[in-house]
Amino acid sequence: MNSKLFDLSGKVAIVTGGNGGIGLGMARGLAEAGAGIAVVGRDVAKSNAAVADLRTRGIKAISVTADVTDQSAVEAMVQRVKNELGRVDILVNNAGINIRKAPHALDLAEWDSVIKTNLTSAFLCSQAAYPAMKAAGGGKIINIGSMMSIFGASFAPAYAASKGGIVQFTRSCAVAWAVDGIQVNAILPGWIDTDLTRRARVEIDGLHDKVLARTPAARWGAIADFAGIAVFLASGASDFVTGTAIPVDGGFSIMG
């Protein structure tokens, strides 16, 4: 196999929510393949720790504090990455939150908060990164969906709506920007062992056993399971792959 297909040396990736969980797992994979990384997050200490971790892989990494739901902050974030790392080749839209309530119990402010953080942020970051990618002759955008992009959940109406929207937004961008050499794809994580899902296991009775029973791989996913898919979708290996939504779920979504 031609290892150069997966070589990201000289490339620069922005990873929102890259200071923990799935985002950090993807950032590590991209760094291992040679990409410089901009970790975008709100928790400064956590982001600095992630950057220190990434730098042990011999790449340049920076921490950027930004509110990804604010257009001017997002534009400033992209400009800073260009100034400090020289370019923008890869964008991972991973920032996300969840508020677990039934549809009748969710108030408008909670709905708006989840939609803005999960979906509007992907729109703003993609729009801001687009000119740099177009000018460079191409780029890669990776949007993070969910099993809730496919299935309904009584306890996650806003989250499910945002993640269903991520898939359709991915397809729209893929069609619009193919002519510019930009591939846009989504990843649909299954049940992954993160801070977010550890809280879910406390809040949702019996969730742990239900997930194991439904997952053919018979385990929760680990953040390291996202390194390979990130490198594939960020590299030349996926130049003819666009508009897809790829489950990384141990078989959860195809279990009968």
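Residues numbered from 1 in each chain as written. Predicted model: local features only at pLDDT ≥ 70, side-chain atom pairs only at ≥ 80, totals over all residues. Heavy atoms only, no water.

A. View of the sheet that holds strand 3 (residues 61-65). Read from one edge of the open sheet, 7 strands run 3-2-1-4-5-6-7, paired in parallel fashion. Taken across any chain shown, the strands that pair with only one partner, and hence form the sheet edges, are strand 3 and strand 7 (245-248). When the angles between neighbouring strand axes are averaged without regard to direction, this sheet yields 20°. Strand direction decides the pairing type here: strand 5 (residues 139-144) and strand 6 (residues 182-189), joined by 6 bridges, are parallel. From the neighbouring strand, Ile144 faces strand 6, where its bridge partner is Ile187. The strands touched by helix 2 (residues 44-55) are strand 2 (36-41) and strand 3; relative to strand 3, the strand with the most contacts, the crossing angle is about 165°. (Pairing = 2+ DSSP bridges. Helix = DSSP H or I, 4+ residues; strand = E, 2+ residues; numbered from the N terminus. Axes fitted to C-alpha atoms, helices over the stretch in contact; angles between N-to-C directions. Contact = heavy atoms within 4.5 Å.)

B. Structural view of the packing of aromatic side chains. Tallied over the full model, the rule gives 4 aromatic pairs. Ring centres 4.6 Å apart and planes at 20° place the aromatic pair Tyr130 and Trp177 in the stacked group. Taken together, the residues span a long stretch of sequence, with Tyr130 in helix 4 (residues 108-136) and Trp177 in helix 5 (residues 157-177) at a distance of 47 residues. Comparing Tyr130 with Trp177 shows no difference in burial state: the two are buried. When the centroid spacing of 6.2 Å and the interplanar angle of 70° are considered together, the rings of Phe151 and Phe252 count as edge-to-face. (Phe/Tyr/Trp six-rings, centres within 6.5 Å; stacked < 30°, edge-to-face > 60°. Buried < 20%, exposed > 50% of the residue type's maximum accessible area, 1.4 Å probe, protein only.)

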